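As a plain string of letters, each chain reads:
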Amino acid sequence: KAIVAVGLVAPLLTNTFDLSIAGVISLSSVMVSWLQTEYHWNMWAAMALTLIVSLVCGAVNALLVVGIRINSFIATLASGAVITALAEYTSGGVQVQVPAGFKDVAKSQMFWGIQAKVGYLAVIAFVLWYVLEHTPAGRYMHATGDGPDAARLAGVQTKRYIVLSLVICSFVAGFAGIVSAAQTAGNATAGGPYLLPAFAACFLGSTQFLGRFNVWGTVASIFVLASLVAGLQRAIENQGIRRILDSLFFGLALIAGLEPCLADCGSQCF
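Okay, so let's go over this structure. The structure presented is a predicted model; accordingly, all values stated were derived computationally and were not measured. Residue indices follow the written sequence of each chain, beginning from 1 at its first position. Predicted model: local features are reported for residues with pLDDT of at least 70 only, side-chain atom pairs are reported and counted for 80 or more only, and whole-chain, interface and lining totals are derived from all residues. Side-chain figures throughout are based on the complete set of non-hydrogen atoms in the structure, without hydrogens or water.

### Quick notes on the environment of Ser79
Right, on to step 1. Working definition: helices are DSSP H or I runs of at least four residues, strands are E runs of at least two. Numbering for both runs from the N terminus. With respect to the helices and strands, the residue Ser79 is situated in helix H4 (residues 72–91).
Right, on to step 2. Put simply, Ser79 and Leu19 are 60 residues apart on the chain and 8.4 Å apart in space, counted from C-alpha to C-alpha.
Right, on to step 3. The contact criterion used is simple: two residues touch if any of their non-hydrogen atoms lie within 4.5 Å. Those residues in contact with Ser79 that lie beyond four places of it in its chain are Ser20, Asn61 and Leu64.
Right, on to step 4. In this structure the side chain of Ser79 is engaged in a polar contact, spanning 2.6 Å, whose partner is the side chain of Asn61. Pairing of N or O atoms within 3.5 Å defines a polar contact, subject to two protein rules: one partner must be a possible hydrogen donor and the other a possible acceptor, and residues neighboring in sequence count only if both atoms are side-chain atoms.

### Thoughts on the nonpolar core
A general trend in soluble globular proteins is that nonpolar side chains are found buried together.
Right, on to step 1. The definition of a nonpolar core used throughout is a set of buried Ala, Val, Leu, Ile, Met, Phe, Trp, Tyr and Cys residues joined through side-chain atoms within 4.5 Å. Throughout, exposure labels follow a simple rule: accessible area from a 1.4 Å probe, protein chains only, divided by the maximum for the residue type, with under 20% read as buried, over 50% as exposed, and the rest as partly exposed. Within the largest apolar cluster, 68 residues are counted, with the highest numbers of intra-cluster contacts made by Val6, Leu8, Leu12, Ile21, Phe102, Phe199 and Val215.
Right, on to step 2. If you tally residues by element for this core, the top one is helix H9 (residues 158–183), at 11 residues.
Right, on to step 3. Apart from the residues within four sequence positions on either side, Ile21 is in contact with Val4, Leu8, Cys169, Ala173, Leu195, Ala198 and Phe199.
Right, on to step 4. With 7 residues, the next largest nonpolar core counts Ala62, Val66, Ala75 and Ile162 among its residues.

### Digging into the packing of helix H1 (residues 2–13) against helix H6 (residues 116–134)
The axes of two packed helices give the description: the angle between them and the distance between them.
Right, on to step 1. Across the interface, H1 lies against H6 with an axial gap of 9 Å and an inter-helix angle of 15°. One way to sum up the angle between H1 and H6 is to call them roughly parallel. Pair H1 / H6 crosses with left-handed handedness. Along the contact surface, H1 presents Ala2, Ile3, Val6, Gly7, Val9 and Leu13, while H6 presents Lys117, Tyr120, Leu121, Ile124, Ala125, Leu128 and Leu132.
Right, on to step 2. Among the residues forming the contact of H1 with H6, the class breakdown is 11 nonpolar, 1 polar and 1 charged. Between N-to-C directions, angles span 0 to 180 degrees; the directions come from axes that are lines fitted to C-alpha atoms, helices contributing only their stretch in contact. The labels follow the angle: roughly parallel below 35 degrees, roughly antiparallel above 145, roughly perpendicular from 65 to 115, and oblique for the rest. Should the near helix be turned anticlockwise from the far one by less than a right angle, the crossing is left-handed, and should it be turned clockwise, the crossing is right-handed. Under the grouping applied here, Gly and all other residues not named as nonpolar or charged are polar, the nonpolar ones being Ala, Val, Leu, Ile, Met, Phe, Trp, Tyr, Cys and Pro and the charged ones Asp, Glu, Lys and Arg.

### A closer look at the pattern of salt bridges
Right, on to step 1. We define a salt bridge as a contact between a side-chain nitrogen of Lys or Arg and a carboxyl oxygen of Asp or Glu at a distance within 4 Å. A complete count under the given rule lists 2 salt bridges for this structure.
Right, on to step 2. Here Glu133 makes a salt bridge to Arg212, at a shortest N to O gap of 3.0 Å. On the criterion of sequence distance, the pair formed by Glu133 in helix H6 and Arg212 in the loop between helix H10 (192–208) and helix H11 (215–235) is long-range, its members being 79 residues apart.
Right, on to step 3. When its relative accessible area of 32% is taken as the criterion, Arg212 is described as partly exposed.

Okay, here's the thing in structure tokens:
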């Protein structure tokens, strides 16, 4: 969830929504498993092609949002549904098992006994933080989100940075899908549970840290929220309530994160 949320920071900075991340996660989860199981591809080749397909999904989103000029909320909601349908068709509606060696992608340990997936999060978060906070591209993305008209008048190619943000988000979501498949199996519904927590963490992180969308605030928020949910699930014995806590808690967190945003910028947030 944290990896997906970090990738989502990029388009949100440009005042662009990407609701297709759930579909991209599902498709990449199925595809990387399917290539290895059905066609016996080497896992590195399967991962490479899966990431390329994720980039293509981001490019399609950019075409819809920037080229055809469809509202990003509608465009990515629609593209996400199409991508999910493709994942469902590819998987045949069943889980696609992965080779035992591929599971090490997520479960192997790195330095100091840290699991690989935690290491991936650290690397992705650091790279995105540096790009967004310490490079001209990052500053132009901030400017695009803060005031697109003013940014254009100042000579910023705002469309270019919206495209870049959507491609980054899709690429990170594709990588998250690969890690998800390595943890369990390829699943056409793998991405659904990631969508709400990602948005909740981004918005809550923006209101509690720096007053804008940022990488480290998002990472802190997702871990705090996940820890609180896990603690409540252990404390409550009723299984029915425990099953709904995740959606309930992240939904409330998203509302809490949106309220200050709406107070500050009104309809410009959307």
